[in-house]
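# Structural features, examined
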Amino acid sequence: MKPNLYLLPLIAALSISALSSAQYATVVYDPERRYLNEGQPLPAETKWMLTGPVAGRMEIVEMNLFDRSDLKHRLYTGRWEKSEWSNERRFLIPVDEMLHGSKEYTVVISFFEPVQAGVSDVVGNELISSLSAYVEENILIKRGKTKVLKPVGQMMEEMNALMTKGMGNYRTRLEMPFSGFSQLVEDKLDKMDETSLSLAKFSIKRSEEEDSADRKIEFARHRIDALKEVIAAEVRSHLARELMIMRDRVVLADLATEKVMNTVALNLGYGAIHNSGGSDDLSLGEAPFLGLSVPLGRWALTSRILSNSSLSAGIFLQNTEDEQGAEVTGPLVGRPLYLAYGYRVFRMLRINVGGALLQQDQIDPDGSTRSIVYGRPFIGASLEINLWMGLGR
């Protein structure tokens, strides 16, 4: 079978489109001037790649993206790690978070190098000391029982937070952040909250002459120490990976993005206005319509449903008729008006569902004529043409 030569240009165009959509815009960091993208606005509504030179001793580069300069709301974290397979002294961090146009962001770039010998043990001992003090402060020995002073779930969250904060200036290989203390730690805390110290005689062998209260306290200490040993073991296990320490940190605040153009779409279509009746005696008023629509979302930043949706308003180009054949117009301009929700089903074809604002003359019993304004549902289909208005936000 011979190839269809007419399809080749189409296939080529689709291939180029697919390749271009997979590309990242490049943003270069200049460490000497501490500039990003040569001082130009950051790319908007596209994936981008942060790159720049890295000193020989640095083995991890981390980028954090924030939507404000107070660094309270992080949008994205990316990381580059030195590989033994490459001698390239530039970091490359792909950023899948698409930026809104005409907005400002803050980028924080951190550089990490391996710690010196023994530093890992020092860091581990400091973390273990802090966590042990936290455990001591929140477990009470009283009236023959141990009592956990906070809900176990809250204690787990706070211990995880202590660990994360203590590791704030450090990173480990393989991009494996601390995942939280284990179920074993949580189980031991749960049991600690229920332990009756009268059980001490079954756990610790002592002569009958020893005071019962002393034995209960010793049993409590034994259970608390066992908990702290498990916590210490999990801390050391996490730090057993090759540890890196932060040596440089750059905060690039209030970086502007590219201005984007908003679009307003022109809709030309044909609609049917419901007059009365149901499936058996349905009466519709039909006419072409013309209007403008505003998209509810942008393709790069919102879901497919929102990006295909729009809010439309416009005018019917002709008056319609009701079920008796009487003319139906509209207020203000003498033509029916409409407001509708639209959804794009094909590239230029949109289905519209909404309401029409109508006006009709009515004869009163005394013979006088008055106009009434009322609404009716309508449905229609339209062709949509985007008008690039060039309106930057």
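First things first, this report covers the structure right here in the doc. (Residues numbered from 1 in each chain as written. Predicted model: local features only at pLDDT ≥ 70, side-chain atom pairs only at ≥ 80, totals over all residues. Heavy atoms only, no water.)

The next point concerns the overall build of the protein chain. The secondary structure content of the protein chain amounts to 7 helices and 19 strands. By the burial criterion, 36% of the 393 residues in the protein chain qualify as buried. Considering only intrachain contacts with a sequence separation of at least 6, the fraction spanning at least 24 residues in the protein chain is 67%. Working note: accessible area of the protein chain is about 23300 Å², and carbon and sulfur atoms make up 55% of it. (Helix = DSSP H or I, 4+ residues; strand = E, 2+ residues; numbered from the N terminus. Buried < 20%, exposed > 50% of the residue type's maximum accessible area, 1.4 Å probe, protein only. Contact = heavy atoms within 4.5 Å. Areas by Shrake-Rupley, 256 points an atom, 1.4 Å probe, with all protein chains shown as cover.)

Attention now goes to the packing of aromatic side chains. Enumeration according to the criterion identifies 9 aromatic pairs in this entry. Between Phe-91 and Phe-111 the ring centres are 6.1 Å apart and the planes differ by 75°, which places this aromatic pair in the edge-to-face class. In this pair, Phe-91 sits in strand 6 (residues 90–95) while Phe-111 sits in strand 7 (residues 104–114), placing the two residues 20 residues apart along the sequence. Exposure remark for Phe-91: the relative accessible area of 0% places this residue in the buried category. Centroid distance Phe-178 to Phe-181: 5.0 Å. Interplanar angle 70°. Geometry classified as edge-to-face. Take Phe-178 and Phe-181: they sit in the same class, and that class is buried. A connected cluster of aromatic rings, assembled from ring pairs, spans Phe-289, Phe-316, Tyr-338 and Phe-378. (Phe/Tyr/Trp six-rings, centres within 6.5 Å; stacked < 30°, edge-to-face > 60°.)

Generally speaking, soluble globular proteins have nonpolar side chains that are buried together. Core analysis: the biggest nonpolar cluster contains 30 residues, and Met-159, Phe-181, Val-185, Leu-189, Leu-227, Ile-231 and Val-235 have the highest contact counts within it. Broken down by secondary-structure element, the contributors of at least two residues to this core are helix 2 (119–138), helix 3 (152–166), helix 4 (183–192), helix 6 (212–239) and strand 11 (243–256). Of all the elements, helix 6 adds the most residues to this core, at 7 residues. Once you skip the residues sitting within four places of it in the chain, Val-185 turns out to touch Met-156, Met-159, Leu-227, Val-230, Ile-231 and Glu-234. By size, the runner-up hydrophobic cluster in this structure holds 23 residues, among which are Val-27, Leu-36, Leu-65 and Ile-93. (Core = buried A, V, L, I, M, F, W, Y, C linked by side-chain atoms within 4.5 Å.)

Below, the discussion takes up helix 4. Here helix 4 has its buried residues at Val-185, Leu-189 and Met-192. For helix 4, the angular spread of the buried residues around the axis is 60°, confining them to a single face. (Arc of directions from axis to C-beta.)

Two elements in contact, helix 3 and helix 4, have axes separated by 10 Å at closest approach and are oriented at 140°. As judged from the angle between their axes, helix 3 and helix 4 are oblique. In this structure, helix 3 meets helix 4 at a crossing whose hand is right-handed. In this structure, helix 3 uses Val-152, Met-155, Met-156 and Met-159 to contact helix 4, whose residues at the interface are Val-185, Glu-186, Leu-189 and Asp-190. Split into classes, the residues belonging to the contact of helix 3 with helix 4 amount to 6 nonpolar, no polar and 2 charged. (Axes fitted to C-alpha atoms, helices over the stretch in contact; angles between N-to-C directions. Parallel < 35°, antiparallel > 145°, perpendicular 65-115°, else oblique. Left-handed = near helix turned anticlockwise from the far one by under 90°. Nonpolar A, V, L, I, M, F, W, Y, C, P; charged D, E, K, R; others polar.)

Here the largest pocket is characterised by a volume of approximately 680 Å³. Together, 24 residues line the largest pocket, and Glu-62, Arg-74, Gly-168, Tyr-170 and Arg-171 are the ones closest to its centre. When residues of the lining of the largest pocket are traced back to their parent elements, those giving at least two are strand 4 (60–66), strand 5 (74–81), strand 7, helix 3, strand 10 (170–172) and strand 11. Among the elements that line the lining of the largest pocket, the one with the most residues is strand 5, at 4 residues. Residues that form the lining of the largest pocket fall into these classes: 10 nonpolar, 8 polar and 6 charged. (1 Å grid on protein atoms, 1.4 Å probe; cavity = no way out; pocket = protein on both sides within 12 Å on 5 of 7 lines; lining within 4 Å. Points joined across faces, edges and corners; volume = space filled by probe spheres on them.)

In this structure the tally under the stated criterion is 18 salt bridges. Its salt-bridge partner being Glu-62, residue Arg-171 comes within 2.8 Å of it at the nearest N-O pair. You can see Arg-171 sitting in strand 10 and its partner Glu-62 sitting in strand 4, a full 109 residues away along the chain. Residues Arg-171 and Glu-62 agree in their burial class; the two are buried. Glu-81 serves as the salt-bridge partner of Arg-79, at 2.7 Å between the closest nitrogen and oxygen. Salt bridges linked by common partners bring Glu-59, Arg-79, Glu-81, Arg-173 and Glu-242 together as one network. (Salt bridge = Lys/Arg side-chain N within 4 Å of Asp/Glu carboxyl O.)

Given a rise of 1.5 Å per residue, 15 residues ought to cover 21 Å, and the 21 Å separating the end C-alpha atoms of helix 3 matches this to within 8%. Taken as a whole, helix 3 has its buried residues at Val-152, Met-155, Met-156, Met-159 and Met-163. Burial along helix 3 is one-sided: seen end-on, the buried residues are contained in an arc of 100°. Seen from the open side of helix 3, the exposed residues pointing more than 90 degrees away from its buried face are Glu-157 and Lys-165. (Expected span 1.5 Å × (residues − 1).)

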